[in-house]
Amino acid sequence: MKYTRLKFAVLFALLSVVAHWCVGERLNFNDAWKFQLNDQPGAEAVDFNDAGWRTLYLPHDWSIEGEFDKDNPMTDRCGYLPAGIGWYRKTVPVSNDWKGKDVELSFDGVFMNSTVWVNGRKLGFRPYGWVSFGYDISDEVNSSATITIAVRVDNDKQPSARWYTGSGIYANTWLNIREKVHVPTSVIFVRTENNEDVLVDTEVVNKGRATLAGELVSTVMSPSGAVLASQSESFKLKSGRQEKFQQKIRLQDPALWSLEEPNLHTLVTQLKVGREIMDMVETRFGVRNVQWKPETGMWLNGKNVKLQGVCNHQDAGALGAAVPDKILRYRIQQLKDMGCNAIRTAHNAQTPQFYDMCDEIGILVMDEFFDGWLKKADEDYGAHAFDTWWKRDLSDLIRRDRNHPSVVIYSVGNETHGEVGKEMVELCHQLDDTRPVTSGNCEPQEMDVYGVNGGSEAKNFFDDLDTGGKVFIGTENPHTWHNRGFYRTQMWYRDTYEGKKGRRTAHYYPNLTMSEIFTYDWTDGSERTHARQTLRSDYDNSSISVTVRHNIQKLRDIPEFAGSFRWTGSDYLGEARYHGGWPFKSFSGGAIDMANFEKDLYYLYQSQWAIEPMIHILPHWSHPTLIPGIEVPVWVYSNCDEVELFLNGRSLGKQEPGKRHTDMQCEWMVGWKPGELSAVGYVDGAAVQEDIMRTAKAPAQIQLSVDGEPLADAARDIVQVRVASVDDTGTFYPYGENRTYFHVIGSGKVRALDNGSPLDVEKYFEAESRIGFFGLTRAYIESTDAEGDVALLASSILGEKRQVTSSKVTIDTKLLVLRGGLPQSDVQVFYTTDGSEPGKESSLYDEPFEVSLGTTVKALFVLNGKPIHLMEERFGQNEGFSFHAVEGVAVAAGEQAEDARFENAKISKEGSGFNGKGFVEFNEASAGSGFIEWYFENDRAEGEFDLVIRYSAAGTPNKEQRATLTVNGREEQLVLSTTGKYRKKWAVVKIKTVLQAGANYIRISPVEDTELSVDELTVK
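Bear in mind that the values here come from a model prediction, so they are computed numbers and not experimental data.

Q: How should the overall build of the protein chain be read in this particular structure?
A: The helix and strand tally for the protein chain stands at 9 helices and 66 strands. Rg of the C-alpha trace for the protein chain: 30 Å, near the compact-globule value of 31 Å for 1020 residues, within the 12% margin. With respect to the principal axes defined by its C-alpha atoms, the protein chain has extents near 85 × 80 × 65 Å. Every one of the 1020 residues in the protein chain was classed for burial, and the buried ones make up 62%. Contacts in the protein chain between residues far apart in sequence, at least 24 positions, make up 72% of those at least 6 positions apart. With the model as given, the accessible surface of the protein chain reaches about 37500 Å², and the carbon-plus-sulfur share is 46%. Charged side chains of the protein chain number 110 positive and 144 negative; the gap between the two group centres comes to 3 Å.

Written out as structure tokens, the structure is:
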């Protein structure tokens, strides 16, 4: 629903017969807030001195502005960023037009634990970070010349979720100014029946002192703005009363809302008292008919529609949780262009404009409201507030979102459990009886639609599927990992092909080659502290149980498989433990990386789900360490009738893309030879699409371009600039990792820099430079004024960091006009190669030059005679990507003790033979109070698992050490035999236990004076 107050140019014909109107306003309240990090006692007071605070504009996320640090309390779960407490304040004069009115201050989203004051009066507290809410401030407006708003946001206790949340007022704020008789926020409920009847529930409140009689008029406008039908009803409200009115409006042949044509109607609600219009609200909605059938899934307007979905979190890489509207729209449209038609809001509702955009673009939404109903992270909503607040939060969210035609199903939880599930479903039905309710693996017997997460990927899942007569959706499948530009030819299973339980629930897929042909990686192995700290192949060969192609085939061919929501559409910050933790900071399960660059996986989906002809080759064709003649699996994704592959102009033959998962890609084994690889797609015998990969020489230039809409003539607009590393002919260099430096000329600034890397831990916010990641860098440039020219200067010292094929260095500068005209730009670059600081007396750069390994090139960038920035790039045998990496160097595939939570114990390295970076050691003082606790997330179904605990136990004072094992509150006693050679010799003990789907807490506590050390927990 897009909910707006009157804009005077709208509906003039409806108002022409009215003598006067007193219609309210909805004012954007984002400008000129004061902000200060850390707690500020007394900051709610009107006279508090905030002169030294920073002035900013909402939305705002302070965590994304901070430095990454492995010791930050957000930990691996939330991406190693800072959290804390922050305060916002804003003082505004009260307009005379507001006096005597009903004034509401509303927040679209604050993470989390927000407390709001106005003129020193506490308005309220909301713990949940993903809910919209508002407060009545009419008394202060009526009695004061100014109002001072203070907001305290407490995200100090961490981790407060299992993924990155952001911190602060990350969404819009509003002032709603209305007459005393008005339509309150989110009380209109509009839905359609049989694609012709519009059913409308409207609540009207009278906050005035006298009884008022009037007329409620509901008018439906067509997508083009024409009046289609109207209905009125008289009302008489006593002071302080709020009543609901129900109306039915018949439409003749309305334009339907669909994925292909997302036509939006507008319901105009007017309250008339005499000849005055006291209130007017516009509510957008869609006329569409949705049916759910267990045998075939969802039907939209009589058409069977498979939910080709993705799950996505709120954050957008370097922009954090406060995602600008322009970028959010780009990301949604990007998914639709991939062929995606549905998004699951994992695992919380998103900002209101997200639903508006899905309405407009034509994307279906599974509106998910909560993650856990119990604790899933130590300090999350489930741990502290769910029991008290869920009814109010769920009610507020459903009322807010239920008018959106894009929202077709609700989800009330993810991998959690509890008797409350039944009550939640009942509340959903009470507030909205038009949409079914599901969940991701939560109390399926209570749900309308049977939703299963990763367990639905198992090879025999559909053979044994019994939904109890319900529609089935794969709420989180498939799980596959991919990094843009990275390739391996060996099939990888997260839990090995044997699986966690040794039951071989994964499908079998062969390797692409007999042995691995690619050896480049982010490290040669020495920096890897965990076996999971590897990048993952952008072929479709990195999975838990099922490949993307196989899942696509199942979704298409199994009638009762109603929908699949891959984990995820875009990469996201947090859950880095799946990649072994620091320096990995994010989860790489997306088809698109955090910088909005598409992976090869994106084009696989596009070839199967999109309609427009397309073609895409992988891998790239720059392989400097491959021996000529080694066969490379060349895949081509296409939805054309036929594909022909050429190497250096010679045809390697034609193929037809197949329907089976093994044949969806056209595949050639091509002997490696530098040159040009091209693929041509044919439809009805005519060539319609072509993709070309050329072998690149060493990087020598950068290319700048804009992805998405250009910079508008508005303040605080944003544009995303793509920086590509290319050779001297303009061919893309796919290993590009040289640092690019940025300088904005005119009315703009750098908002943030990114590159999509899961392990680059440099600061995002207002950075001046960024390394490349597999050839690409992203710059977000923001306008500071509505007028004025804006241009971006980007500079880079370019060359192969390890000099695999070339020792040549080039210094390149490019200028990109973002708004207005070309600025004066006299650029000079002075450089040194001996490590000294460059100045205007240093060598003036005019052509490429050679350097030896071990050289640091420094350069001074001078613009119009003024030094702008100092650049630096080092070339050496241990710099940048390794082209001869050894994956086996890493140790420790289990959950390391030193990364777990513990009390009355210490991390020690005084020993030998331990895995990881150390171990946790108990002592005499640990008995009765010490413990070590691991959080383990089971993305499979509930079942029996083996816990393998690696430990060392001294022989004194007891020959056996006793401890308590607690799994999700269930206790059992452990007897651990002594190992001898304490902290040097290690043993394992295996315990069978049941782990629930989702969050599990596994704790070991010594029960007596002990000399016990714990090294690792492995779950099998």
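Q: What should I look at first to understand the packing of aromatic side chains in this one?
A: The geometry of two aromatic rings is summed up by the distance between their centres and the angle between their planes. The full count for this structure, using the stated rule, is 58 aromatic pairs. Their ring planes at 85 degrees and their centres at 6.0 Å tell us that Tyr128 and Trp130 sit as a pair that is edge-to-face. Here Tyr128 matches Trp130 in class, with each residue buried. Residues Tyr520 and Tyr735 carry aromatic rings whose centres are separated by 5.2 Å and whose planes lie at 85 degrees to one another, so their mutual orientation is edge-to-face. Within this pair, whereas Tyr520 is found in the loop between strand 31 (492-493) and strand 32 (542-543), its partner Tyr735 is found in the loop between strand 44 (718-726) and strand 45 (739-746), the two being separated by 215 residues in sequence. Across from the ring centre of Trp299, 4.6 Å away, lies the NZ or CZ of Lys293, which sits over that ring. One cation-aromatic arrangement involves Arg536 over Trp492; the distance from NZ or CZ to the ring centre is 3.7 Å.

Q: Would you mind showing me how to read the sheet that holds strand 11 (residues 146-155) here?
A: Hydrogen bonds along the backbone pair up the strands of a sheet, which may run parallel or antiparallel. On the basis of which strands lie adjacent, the open sheet formed by 6 strands has the order 5-4-6-11-8-9 and antiparallel pairing. Edge strands, defined here as strands with exactly one partner in the open sheet, are strand 5 (54-56) and strand 9 (121-126). Across the sheet, the axes of successive neighbouring strands diverge by a mean angle of 25 degrees, strand direction being ignored. Across 10 bridges, strand 6 (residues 84-93) lies against strand 11 in antiparallel orientation. When the sheet's bridge partners are listed, Lys90 is paired in strand 11 with Ile149.

Q: Help me understand the UniProt feature "domain: GH29D-like beta-sandwich" (unreviewed entry) in the protein chain, please; the structure alone is not making it clear to me.
A: Here the UniProt feature "domain: GH29D-like beta-sandwich" (unreviewed entry) sits at residues 823-864. Here residues 823-864 runs as 0% helix and 45% strand, with 11 Å between its end C-alpha atoms.

Q: So what exactly am I meant to see when it comes to the pattern of salt bridges here?
A: Any two side chains of opposite charge can pair, given that their charged atoms come close. This model, assessed by the stated rule, comprises 62 salt bridges. A salt bridge links Arg178 to Glu104; its shortest N-O distance comes to 3.6 Å. One end of the pair, Arg178, is in strand 12 (residues 173-178); the other, Glu104, is in strand 7 (residues 102-107), and 74 residues separate them in sequence. When its relative accessible area of 3% is taken as the criterion, Arg178 is described as buried. With a closest N to O distance of 2.7 Å, Glu360 and Arg284 form a salt bridge. Placement of Glu360 in helix 4 (residues 352-361) and of Arg284 in strand 20 (residues 276-285) is noted, with a sequence separation of 76 residues between them. Taken together, the shared-partner salt bridges connect Asp102, Glu104, Asp136, Arg178 and Lys207 into one network.

Q: Could you clarify how one ought to interpret the confidence of the model for the protein chain in this entry?
A: Caution applies to low-pLDDT regions: their predicted coordinates should not be interpreted in detail. Scored by pLDDT, the protein chain comes out at a mean of 93, with 96% of its residues at no less than 70. Here residues 5-21 scores under 50 on pLDDT; set against residues more than four positions off or in separate chains, the count is 37 contacts. Every residue in residues 888-892 is under pLDDT 50, and counting partners more than four places away or in other chains gives 16 contacts.

Q: Please clarify how the packing of helix 6 (residues 386-401) against helix 7 (residues 420-431) should be interpreted in this entry.
A: For any two helices packed against each other, the geometry is given by the interaxial angle and the distance between the axes. Running from N to C, helix 6 and helix 7 cross one another at 25 degrees; their axes reach a closest spacing of 10 Å. When the axes of helix 6 and helix 7 are compared, the pair comes out roughly parallel. For the pair helix 6 and helix 7, the crossing hand works out as right-handed. Side by side, helix 6 and helix 7 meet where Phe386, Trp390, Lys391, Leu394, Ser395, Ile398 and Arg399 of the first sit next to Val420, Glu423, Met424, Leu427, Cys428 and Leu431 of the second. Among the residues forming the contact of helix 6 with helix 7, the class breakdown is 9 nonpolar, 1 polar and 3 charged.

Q: For this particular structure, what's the right way to read the domain arrangement of the protein chain?
A: For interface size, the figure often reported is the accessible area lost on association. Segmenting the protein chain into domains produces domain 1 (25-181), domain 2 (195-285), domain 3 (315-609), domain 4 (615-694), domain 5 (701-875) and domain 6 (895-1019). The C-alpha centroid of domain 6 is placed 49 Å from the C-alpha centroid of domain 5.

Q: Help me out: how do you make sense of the packing of helix 8 (residues 548-557) against helix 9 (residues 600-609) in this one?
A: Two elements in contact, helix 8 and helix 9, have axes whose closest approach is 11 Å; the angle formed by their N-to-C orientations is 25 degrees. By the angle between their directions, the pair helix 8 and helix 9 is classed as roughly parallel. Note that helix 8 runs across helix 9; the crossing there is right-handed. Where helix 8 abuts helix 9, its residues Val548, Arg549, Ile552, Leu555 and Arg556 lie against Leu601, Leu604, Tyr605, Gln608 and Trp609. Taken together, the residues that form the contact of helix 8 with helix 9 break down as 7 nonpolar, 1 polar and 2 charged.

Q: Help me out: how do you make sense of the sheet that holds strand 21 (residues 290-293) in this one?
A: With antiparallel pairing, the 3 strands of this open sheet are ordered in space as 21-22-23. A strand with exactly one partner marks an edge of an open sheet, and here the two such strands are strand 21 and strand 23 (303-305). Put simply, the sheet's adjacent strands are angled 35 degrees from each other on average, direction ignored. Where strand 21 and strand 22 (residues 297-300) come together, 4 bridges link them in antiparallel fashion. Looking at the pairing, Gln291 lines up with Trp299 of strand 22.

Q: Hey, could you run me through the environment of Arg77 in this one?
A: When you line up the elements, Arg77 lands in the loop between strand 5 and strand 6. Among the polar contacts listed, one links the side chain of Arg77 to the backbone oxygen of Lys376, at a separation of 3.5 Å.

Q: I'm lost on helix 3 (residues 325-338) in this one. Help?
A: Quick reminder: α-helices carry 3.6 residues per turn. Residues three or four places apart thus point the same way. With 14 residues, helix 3 extends 20 Å between its outermost C-alpha atoms, agreeing within 8% with the 20 Å of an ideal straight helix rising 1.5 Å per residue. Buried within helix 3 we find Ile327, Leu328, Tyr330, Arg331, Ile332, Gln334, Leu335 and Met338. Once helix 3 ends, the next one or two residues include Gly339, with phi positive near 105 degrees.

Q: It is not clear to me how unusual backbone geometry should be interpreted in this structure. Could you clarify?
A: Apart from glycine, the bulk of residues carry a negative phi angle, and the bulk of peptide bonds sit in the trans form. Here Gln158 and Pro159 are connected by a cis peptide whose omega angle stands at -5 degrees. Within the secondary structure, Pro159 is located in the loop between strand 11 and strand 12. With an omega dihedral of 10 degrees, the bond running from Trp567 to Thr568 counts as a cis peptide bond. Despite not being glycine, Tyr80 has its phi angle at roughly 60 degrees, a positive value.

Q: What am I meant to see in the side chain of Thr832 here?
A: With respect to the secondary-structure elements, Thr832 resides in strand 51 (residues 827-832). Residues in contact with Thr832, not counting those within four places in the same chain, are Glu837, Pro838, Ser842, Thr856, Val857 and Lys858.

Definitions and cut-offs
- Residues numbered from 1 in each chain as written.
- Predicted model: local features only at pLDDT ≥ 70, side-chain atom pairs only at ≥ 80, totals over all residues.
- Heavy atoms only, no water.
- Helix = DSSP H or I, 4+ residues; strand = E, 2+ residues; numbered from the N terminus.
- Rg over C-alpha atoms; globule rule 2.2 N^0.38 Å.
- Buried < 20%, exposed > 50% of the residue type's maximum accessible area, 1.4 Å probe, protein only.
- Contact = heavy atoms within 4.5 Å.
- Areas by Shrake-Rupley, 256 points an atom, 1.4 Å probe, with all protein chains shown as cover.
- Lys, Arg positive; Asp, Glu negative; His and termini not counted.
- Charge placed at Lys NZ, Arg CZ, Asp CG, Glu CD.
- Phe/Tyr/Trp six-rings, centres within 6.5 Å; stacked < 30°, edge-to-face > 60°.
- Lys NZ or Arg CZ within 6 Å of the ring centre and 35° of its normal.
- Pairing = 2+ DSSP bridges.
- Axes fitted to C-alpha atoms, helices over the stretch in contact; angles between N-to-C directions.
- UniProt positions renumbered as here; feature names shortened; annotations may be inferred.
- Salt bridge = Lys/Arg side-chain N within 4 Å of Asp/Glu carboxyl O.
- pLDDT = per-residue confidence, 0-100.
- Parallel < 35°, antiparallel > 145°, perpendicular 65-115°, else oblique.
- Left-handed = near helix turned anticlockwise from the far one by under 90°.
- Nonpolar A, V, L, I, M, F, W, Y, C, P; charged D, E, K, R; others polar.
- Domains from an automatic or database assignment.
- Polar contact = N/O pair within 3.5 Å; in protein donor to acceptor, adjacent residues only side chain to side chain.
- Expected span 1.5 Å × (residues − 1).

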